[in-house]
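The primary structure of each chain is shown beneath.
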Amino acid sequence: MFSKGHHPVIQKTSKTIFWSSILHEPIACFIPLLPFILLKDLHATTLQIVLLTMLSPISALFSIYWSSRISTLGEGLKKNFLGASILARAPLLLSLIFPNVWLIILSSACYNLFSRASIPSWMEMLKLNLPNKIREKFFSIGSAIGYGEGICLAILMGSLLDHSLWVWRPILALALIISLIGSLVQFYMPLREGKSICAKKEKYSILTPWKESFSLLKKRKDFLRFQWAFMAGGFGLMMFKPLLPQFFDQILMISYRDLMIAFSVCKGLGFILTSQKWSQMMQKTSLSLLTSFVLLGFALFSLFLLAAKIHLNYIFIAYVVYGIAQAGSHLIWHLSGPFFAGDRENSSSYSNVNIVLVGVRGLLGPLLGGILGTLLGIEILLTISIFLYFIGIASLNVSVPTTLKTPISQ
């Protein structure tokens with residue numbers, strides 16, 4: 001559909017991207033519902049819900065131990081991806097046979113750990129098969145397709161669960177099976193032959209992945225500045241996230257209907273309508289400028305949340321803006337590994353740094369935000385987040401190389 005006239009491998013890769021986006025979306029839609037299901041159906045305690053929420057980003061700290069062992073191309077790379085995909089989903093299937101709150105919490109942590117661990121392999125597979133401009137185009141289209149599907153699935157799943165809560169078990173089982181099929185589609189995607197980029201055979205220890213990440217950041221100052229910008233922006237978002245339910249309920253007094261419209265429809269429309277524009281911009285402008293636009297979008301999101309105290313309609317504008325910024329963030333975060341790696345390096349090393357820093361932000365951001373929010377209030381916290389976004393923009397210093405000048409295979 002989008003790849004007519006291209007090399008056969010490019011055509012097959014584009015189809016794989018689109019089909020995998022469609023097949024992985026049901027489980028991506030279901031996972032955020034787990035806290036509500038555990039609370040209502042399995043009567044989980046507040047402590048258990050907090051642990052479930054915390055383990056999602058923290059699990060990224062451990063995914064690096066799986067993905068850091070990627071050192072071969074071809075079948076070894078694909079097996080690494082498939083192994084992580086199976087380990088992410090198998091525990092959740094097991095938890096359906098023995099429905100226990102603690103088992104589901106552990107299974108959810110495994111899902112987050114290994115689904116993130118599969119990302120570096122998948123990004124390297126795309127880097128081998130697709131030139132950078134085509135890669136950005138197809139990836140953004142696939143993301144938009146998945147997001148559009150997600151809006152419909154969220155409404156459908158919500159309606160089914162409102163009618164009969166017990167149906168979460170067959171829904172989860174079906175979503176996991178469909179997602180496994182999606183992983184198999186990715187596994188059987190043909191790979192172009194590439195130059196084997198192997199890690200040096202050194203003694204491996206628990207600190208090895210961390211040392212490799214710090215060494216990479218020390219060596220690549222442009223990548224370090226990029227990570228500082230994303231770290232500032234990520235902290236800005238994660239700090240006020242735990243206080244949003246209270247802000248919506250007690251301060252804005254927004255209805256569930258309006259909240260679902262903001263979360264699903266407004267955010268989804270912002271994402272879908274601009275994802276292709278972000279892809280086009282990534283081909284023509286510098287990554288630093290593009291990242292600055294993303295951070296500026298998140299700053300506007302915080303600003304419109306503050307404005308919602310004046311008029312509730314600003315909440316809808318806020319989530320349209322959030323969807324627009326997230327479309328750019330999603331594209332940049334996933335493709336920055338292949339972008340910085342170029343032809344001479346394995347992109348998984350760069351993707352590993354992206355993933356592990358998600359864990360660092362998840363470990364510290366909500367905790368710090370909860371403390372500051374309790375002391376200062378969410379309005380001050382939203383204001384602090386705006387300053388953090390601009391600190392991230394300033395840290396880029398227009399130093400990240402432009403897309404057109406980066407030595408990525410054409």
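Residues numbered from 1 in each chain as written. Predicted model: local features only at pLDDT ≥ 70, side-chain atom pairs only at ≥ 80, totals over all residues. Heavy atoms only, no water.

Secondary structure summary: the protein contains 17 helices and zero strands in total. Every one of the 410 residues in the protein was classed for burial, and the buried ones make up 55%. Contacts in the protein between residues at least 24 apart in sequence constitute 86% of all its contacts with a sequence separation of at least 6. Of the accessible surface of the protein, which amounts to about 19,200 Å², a share of 69% is contributed by carbon and sulfur atoms. (Helix = DSSP H or I, 4+ residues; strand = E, 2+ residues; numbered from the N terminus. Buried < 20%, exposed > 50% of the residue type's maximum accessible area, 1.4 Å probe, protein only. Contact = heavy atoms within 4.5 Å. Areas by Shrake-Rupley, 256 points an atom, 1.4 Å probe, with all protein chains shown as cover.)

What follows concerns the pattern of salt bridges. For the structure shown, the criterion picks out five salt bridges. Taking the shortest distance from any N to any O, the salt bridge between E345 and K219 comes out at 3.6 Å. Taken together, the residues span a long stretch of sequence, with E345 in the loop between α15 (314-341) and α16 (348-376) and K219 in helix α10 (residues 208-219) at a distance of 126 residues. Relative accessible area serves as the criterion here: at 22%, E345 is assigned to the partly exposed category. Since its relative accessible area comes to 56%, K219 is described here as exposed. Through salt bridges with shared partners, a single network forms among K219, R220, D222 and E345. (Salt bridge = Lys/Arg side-chain N within 4 Å of Asp/Glu carboxyl O.)

As a further point, take the packing of helix α4 (residues 60-67) against helix α6 (residues 101-117). One way to put it is that α4 packs onto α6 with a least axis distance of 8 Å and a crossing angle of 45°. Here α6 runs oblique to α4, going by the angle between their axes. Along this stretch, α4 crosses α6, giving a crossing that reads as right-handed. Where α4 approaches α6, its residues A60, F62, S63, W66 and S67 are matched on the opposing element by L113, F114, R116 and A117. (Axes fitted to C-alpha atoms, helices over the stretch in contact; angles between N-to-C directions. Parallel < 35°, antiparallel > 145°, perpendicular 65-115°, else oblique. Left-handed = near helix turned anticlockwise from the far one by under 90°.)

This next bit is on the side chain of K267. Within the element layout of this structure, K267 appears in helix α13 (residues 256-284). For the buried K267, no salt bridge exists, and the shortest N-O distance to an oppositely charged side chain is 9.7 Å, to E25. (Lys, Arg positive; Asp, Glu negative; His and termini not counted.)

The next point concerns the confidence of the model for the protein. The predicted coordinates should not be examined in detail at positions where pLDDT is low. The pLDDT averaged across the protein works out to 83; a share of 89% of its residues lies at or above 70. This model gives residues 196-201 a pLDDT under 50, and the stretch forms nine contacts once residues within four places in sequence are excluded. Low pLDDT (under 50) marks residues 398-410, which in the prediction has 42 contacts with non-local residues, meaning those over four places away or in another chain. (pLDDT = per-residue confidence, 0-100.)

Turning next to α4. Three or more residues of α4 are buried, namely A60, L61, S63, I64 and S67. Seen from one end, α4 has its buried residues packed into an arc of 155°, which puts them on one side. On its buried side, α4 packs onto α3 (46-58), α6, α7 (119-129), α10 and α16. (Arc of directions from axis to C-beta.)

Another aspect to go through is the nonpolar core. One finds F240, F248, L305, I315 and Y319 to be the most contacted residues of the largest nonpolar core, which totals 81 residues. Examining the composition of this core, we find that 14 residues originate from one element, α15, more than from any other. Setting aside chain neighbours within four positions, we find I315 in contact with F248, L252, I254, A262, L305 and A308. Counting 31 residues, the second-largest nonpolar core is a separate cluster that includes F30, A84, I171 and L176. (Core = buried A, V, L, I, M, F, W, Y, C linked by side-chain atoms within 4.5 Å.)

Position of Q48 among the secondary structure elements: in helix α3. Spatially, the C-alpha atoms of Q48 and V101 are 7.9 Å apart, while their sequence positions differ by 53 residues. When near neighbours in sequence (up to four residues on either side) are disregarded, Q48 contacts V101, W102 and I105. A distance of 2.8 Å separates a polar side-chain atom of Q48 from the backbone nitrogen of T45. (Polar contact = N/O pair within 3.5 Å; in protein donor to acceptor, adjacent residues only side chain to side chain.)

What follows concerns unusual backbone geometry. If you check the backbone angles, H43 has positive phi at about 55° while not being a glycine. The topology assignment puts H43 in the loop between α2 (34-40) and α3.

This brings us to the packing of aromatic side chains. Note on aromatic pairs: each is described by the distance of the centres and the angle between the planes. Counted according to the given criterion, the structure contains 21 aromatic pairs. With a centroid separation of 4.0 Å and an interplanar angle of 15°, the aromatic rings of Y147 and F271 are classed as stacked. Linking Y147 in helix α8 (residues 132-163) with F271 in helix α13, this pair joins segments that are 124 residues apart in sequence. Take Y147 and F271: they sit in the same class, and that class is buried. Their ring planes at 75° and their centres at 5.3 Å tell us that F339 and F340 sit as a pair that is edge-to-face. According to the relative accessible area criterion, F340 is buried, its value standing at 4%. (Phe/Tyr/Trp six-rings, centres within 6.5 Å; stacked < 30°, edge-to-face > 60°.)

Now for helix α12 (residues 244-252). Among all positions of α12, only L244, F247, F248 and L252 are buried. The buried residues of α12 all sit within an arc of 95° when viewed along its axis, so they share a single face. In α12, the exposed positions angled more than 90 degrees off the buried face are occupied by P245, D249 and Q250.

Inspection of the entire model under this criterion finds zero disulfides. The thiol of C29 is not disulfide-bonded; the next cysteine sulfur, from C152, is found 9.4 Å away. (Disulfide = S-S within 2.5 Å.)

What follows deals with the packing of α8 against α15. Relative to each other, α8 and α15 sit at 135°, their axes nearing to 11 Å. In terms of their interaxial angle, α8 and α15 are classed as oblique. The two elements α8 and α15 cross, and the hand of that crossing is right-handed. When α8 is examined against α15, the residues R135, E136, F139, S140, S143 and Y147 are found in contact with a partner set consisting of Q326, H330, L331, H334, L335 and P338.

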